[in-house]
Amino acid sequence: MILTGGLKSLLPHVLRRIIRCNRLSISNTSGMAEGYKQANVVILHKSLADGFEKFCHANDGPLPLLYRSKPGDWKCPSLSSDSDIRTDCLQYRMYEHGACTGSLKSLKEYSEQLKDMVTFYLGCSFSFEKAVQNAGIPVRNVEQKCNVSMYKTAVPCYSVSAFCCNLVVTMRPIPESKLEAAVLATSELKDAHGAPIHMGDPGLLGIQDLSKPDYGDPVHLHPGDIPVFWACGVTAVEAVINCRAPLAFTHSPGCMFITDLKSNNVTVRSSREVPQVHCISQDPLHYSIVSAEAARKIKTLETLIGIDPGDRGIIHLHRQGELLKACLSISHARSVLITTGFPTHFTYEPPEENDGPPGAIAIAAVLQALEKEVAIVTDQRAMNLNKNIIEEAVQLGILKRPVPLLSYQSESADSALTFLCENGNPGRPRFDHLIAIERAGMAADGNYYNARKVNIKHLVDPIDELFLAAQTIPGITTTGVGDGGNELGMGKVKDAVKKHIKNGDVIACDVEADFAVVAGVSNWGGYAIACALYILSTCEIHDRYLRKAVGFPQLSKKTVWLSAPPSVTKEEKLLKTLVQLGVRSGKTASLEMEVDGLPFYNTHSLMIEKLL
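- Per an unreviewed UniProt entry, the chain is named D-glutamate cyclase, mitochondrial, and its organism is Aegotheles bennettii.
- The chain has a UniProt comment under Catalytic activity (unreviewed entry) that states "D-glutamate = 5-oxo-D-proline + H2O".
- Of the chain, the UniProt comment under Function (unreviewed entry) reads exactly: "D-glutamate cyclase that converts D-glutamate to 5-oxo-D-proline."

Some points on empty space enclosed by the protein
Move 1: Evaluation of the coordinates by the stated rule reveals 5 cavities of 30 Å³ or more.
Move 2: Each pocket or cavity is described by its volume, and for the largest cavity that value is around 80 Å³.
Move 3: If you trace the largest cavity, you find 13 residues lining it, with G31, E34, F126, E129 and K130 closest to the centre.
Move 4: The set of elements that each furnish at least two residues to the lining of the largest cavity consists of β1 (36-45) and α4 (129-134).
Move 5: Per-element accounting of the lining of the largest cavity gives the leading share, 3 residues, to α4.
Move 6: Taken as a whole, the second largest cavity spans an internal volume of roughly 50 Å³.
Move 7: Taken together, 13 residues line the second largest cavity, and the ones lying closest to its centre are C124, S125, T170, C232 and M256.
Move 8: Along the lines of polarity and charge, the residues of the lining of the second largest cavity split into 6 nonpolar, 7 polar and no charged.

A closer look at the domain arrangement of the chain
Interface extent is often summarised as the accessible area lost during association of the parts.
Move 1: The domain architecture assigned to the chain consists of domain 1 (4-262) and domain 2 (276-611).
Move 2: The gap between the C-alpha centroids of domain 1 and domain 2 is 44 Å.
Move 3: With 27 residues of domain 1 at the interface, the matching set in domain 2 holds 15 residues.
Move 4: In this assembly, domain 1 packs against domain 2 so that about 1700 Å² is buried in total across both faces, 65% of it on carbon and sulfur atoms.
Move 5: The three residues of domain 1 that bury the most area against domain 2 are E180, I197 and M199, which together make up 29% of that side's buried surface.
Move 6: Connecting domain 1 to domain 2 are 0 salt bridges.
Move 7: For the pair domain 1 and domain 2, the number of links is 10 residue pairs in polar contact (both at pLDDT 80 or more).
Move 8: Counting residues per element, the ones that place at least two in the side of domain 1 that touches domain 2 are α2 (46-58), β6 (149-156), α6 (179-186) and β8 (198-200).
Move 9: Here the residues of the side of domain 1 that touches domain 2 are counted per class, giving 16 nonpolar, 7 polar and 4 charged.

Some thoughts on the nonpolar core
Move 1: Residues L323, I338, I361, L367, L399, I529 and L533 are the most contacted members of the largest nonpolar core, which totals 60 residues.
Move 2: Here the element with the most residues in this core is helix α16 (residues 522-537); it accounts for 11 residues.
Move 3: Setting aside residues no more than four positions away along its own chain, I338 makes contact with A360, I363, A364, L367, V374, A375, I376, V377, I435 and I437.
Move 4: Residues L44, M171, I197 and L205 belong to the second largest nonpolar core, which totals 45 residues.

Section: helix α11 (residues 383-395)
Move 1: The end-to-end C-alpha separation of α11 is 18 Å, in line with the 18 Å expected for 13 residues at 1.5 Å each.
Move 2: Where α11 is concerned, the buried positions are M383, L385, N386, I389, I390 and A393. Buried residues of α11, seen end-on, are gathered within an arc of 165 degrees and therefore sit on one face of the element. Residues of α11 that are exposed and angled more than 90 degrees away from the buried face: N384 and Q395.
Move 3: For α11, the elements touching its buried residues are α10 (357-369), β16 (373-378), β17 (405-407) and α19 (568-580).
Move 4: Note on α11: the residue one or two positions beyond its end, G397, has a positive phi of about 85 degrees.

Section: the pairing of strand β10 (residues 225-231)
Move 1: Within β10, 7 of the 7 residues are buried, leaving the element largely enclosed by the surrounding structure.
Move 2: Every second residue of β10 is oriented toward a common face, with D225, P227, F229 and A231 on one face and I226, V228 and W230 on the other, all of them buried.
Move 3: Relative to β10, strand β7 (residues 166-175) runs antiparallel, the two being bridged by 7 bridges. Considered in β10, the bridge of V169 is made with A231.
Move 4: As defined by bridge partners, β8 adjoins β10 across 2 bridges and the pair is classed as antiparallel. Along β10, the bridge assignment pairs H198 with F229.

What to know about the environment of L396
Move 1: Mapped onto the secondary structure, L396 falls in the loop between α11 and β17.
Move 2: Among the residues examined, L396 registers a relative accessible area of 30% and is labelled partly exposed.
Move 3: Sequence separation between L396 and K573 is 177 residues, and the spatial gap between their C-alpha atoms is 7.7 Å.
Move 4: Setting aside its immediate chain neighbours within four residues, L396 contacts K573, L574 and T577.

Calculation criteria
Residues numbered from 1 in each chain as written. Predicted model: local features only at pLDDT ≥ 70, side-chain atom pairs only at ≥ 80, totals over all residues. Heavy atoms only, no water. UniProt positions renumbered as here; feature names shortened; annotations may be inferred. 1 Å grid on protein atoms, 1.4 Å probe; cavity = no way out; pocket = protein on both sides within 12 Å on 5 of 7 lines; lining within 4 Å. Points joined across faces, edges and corners; volume = space filled by probe spheres on them. Helix = DSSP H or I, 4+ residues; strand = E, 2+ residues; numbered from the N terminus. Nonpolar A, V, L, I, M, F, W, Y, C, P; charged D, E, K, R; others polar. Domains from an automatic or database assignment. Contact = heavy atoms within 4.5 Å. Buried area = accessible area lost by both parts, 1.4 Å probe. Salt bridge = Lys/Arg side-chain N within 4 Å of Asp/Glu carboxyl O. Polar contact = N/O pair within 3.5 Å; in protein donor to acceptor, adjacent residues only side chain to side chain. Core = buried A, V, L, I, M, F, W, Y, C linked by side-chain atoms within 4.5 Å. Buried < 20%, exposed > 50% of the residue type's maximum accessible area, 1.4 Å probe, protein only. Expected span 1.5 Å × (residues − 1). Arc of directions from axis to C-beta. Pairing = 2+ DSSP bridges.

As structure tokens, this is what we get:
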């Protein structure tokens with residue numbers, strides 16, 4: 001027997017010859033023939049071959065197709081010289097009608113059946129391990145001398161013909177400080193599954209216990225490690241099982257076919273292609289990926305909306321990067337709840353101001369275009385007003401369809417939990433993200449104040465309770481959009497509000513959101529969120545991460561998305577509608593204030609032009 005020492009430096013053709021002679025005492029090929037590509041293997045009857053090839057192209061993250069043989073061809077000349085797929089994997093598995101009926105060291109005894117079968121060679125993550133190590137990142141499974149951990153997920157692949165299954169992933173523990181380096185090292189290695197498809201809590205993929213992989217060995221995390229998941233070629237094994245072919249063969253997971261192709265590192269050249277990693281949630285732990293170019297555009301939006309037309313000192317409330325992180329979190333959400341409404345004109349009917357509803361509608365329009373569930377919650381007394389606003393937005397073509405309108409009342413200690421979660425079960429939240437835009441926020445004394453310190457509590461329903469409850473429910477994140485510090489969610493910057501904003505010691509909202517988007521006018525913040533979500537939806541790097549590298553890119557929907565963000569025409573029409581409904585301006589009593597030479601009322605249009 002030949003032991004493992006020195007195998008990592010052997011050339012592939014030598015290693016294949018040793019495997020062929022059954023002279024190895026190893027259980028997997030991780031770390032072997034360093035710097036060369038390895039391949040998953042699937043062997044199917046020729047009648048299934050075309051369907052399986054289409055399945056691979058439809059899910060090229062887990063199934064990057066390196067080579068498809070002709071029926072009965074045991075060689076793969078474009079991948080290797082002097083190879084024989086019947087003997088050159090460490091171990092094989094045989095499947096009959098979807099059941100694994102044996103583990104084999106050789107397929108030679110099935111040579112007659114193989115004459116009518118086609119071999120598929122699919123990329124493998126072992127191929128990028130050397131690149132990861134070259135980036136100064138430890139590969140824990142190699143350190144621990146074991147196979148990589150592989151897990152079935154709850155993520156469905158795109159089905160083709162008889163082939164359907166959920167995604168299988170590998171997990172590699174990566175030090176938190178090295179996450180971005182790991183993404184950079186693998187993102188351009190498409191033949192080896194490319195960039196990770198998830199970083200953080202395994203539960204978000206439907207994986208319950210990292211210590212119990214479905215394939216391979218458990219790999220132990222060191223303190224400070226983050227579980228990072230890549231799409232895995234063993235997905236093909238699940239597809240073979242589910243198609244219930246009368247006879248099929250695969251490699252045994254971890255026992256790859258070693259090719260003669262170099263795993264050359266690819267240098268990312270364009271800033272558009274450079275991925276960045278951002279943490280968007282601590283509970284559950286969740287990181288997202290975006291291109292540097294998309295991140296730059298969103299940071300430009302954040303700077304633009306930071307203009308302070310009232311010279312109120314909001315520059316002191318800004319936290320850089322909040323818009324990007326908020327929008328990344330919203331982008332991952334399935335269902336979003338929006339709230340708005342600041343009854344600052346307490347002596348009028350309606351008491352609402354016109355800052356807030358247009359921004360809320362702009363966000364809802366983009367969420368609808370992105371096919372997310374969206375609802376709006378507001379005060380019971382303002383239900384009719386908001387119903388009319390939504391109906392007008394549909395008539396104007398701003399919204400594709402009416403947005404469900406909800407109200408919330410605190411009837412018991414569990415009211416917020418019952419509202420946010422199915423049957424009050426925190427494990428089943430109805431919403432993934434809550435957004436408050438220009439929504440009156442509760443101060444430290446339990447009251448609600450406008451900018452002039454007038455208590456308007458009698459006009460405000462306790463929607464703050466939903467944001468407080470969300471802090472205790474894993475999986476719900478929150479964003480607050482404000483322009484003065486007394487809005488719901490601005491508790492995150494309350495110390496700065498108390499120090500720098502007029503009357504801040506009294507009016508500062510005490511309820512914080514995970515992300516605080518501060519703008520010169522809250523509507524601007526809503527417009528920026530809408531535009532940023534569009535930018536993220538058209539970012540290829542982010543799109544791939546969102547869909548977990550299965551299915552097809554969503555960029556074909558770009559034309560539909562492009563009609564969703566706010567426009568000067570749409571927002572001017574909506575603002576005029578608000579005037580017709582009796583809604584007044586909420587910023588300084590005088591409309592004579594100017595920004596860049598334009599009346600304050602018209603600065604909404606000015607900002608949209610800048611954002612777009």
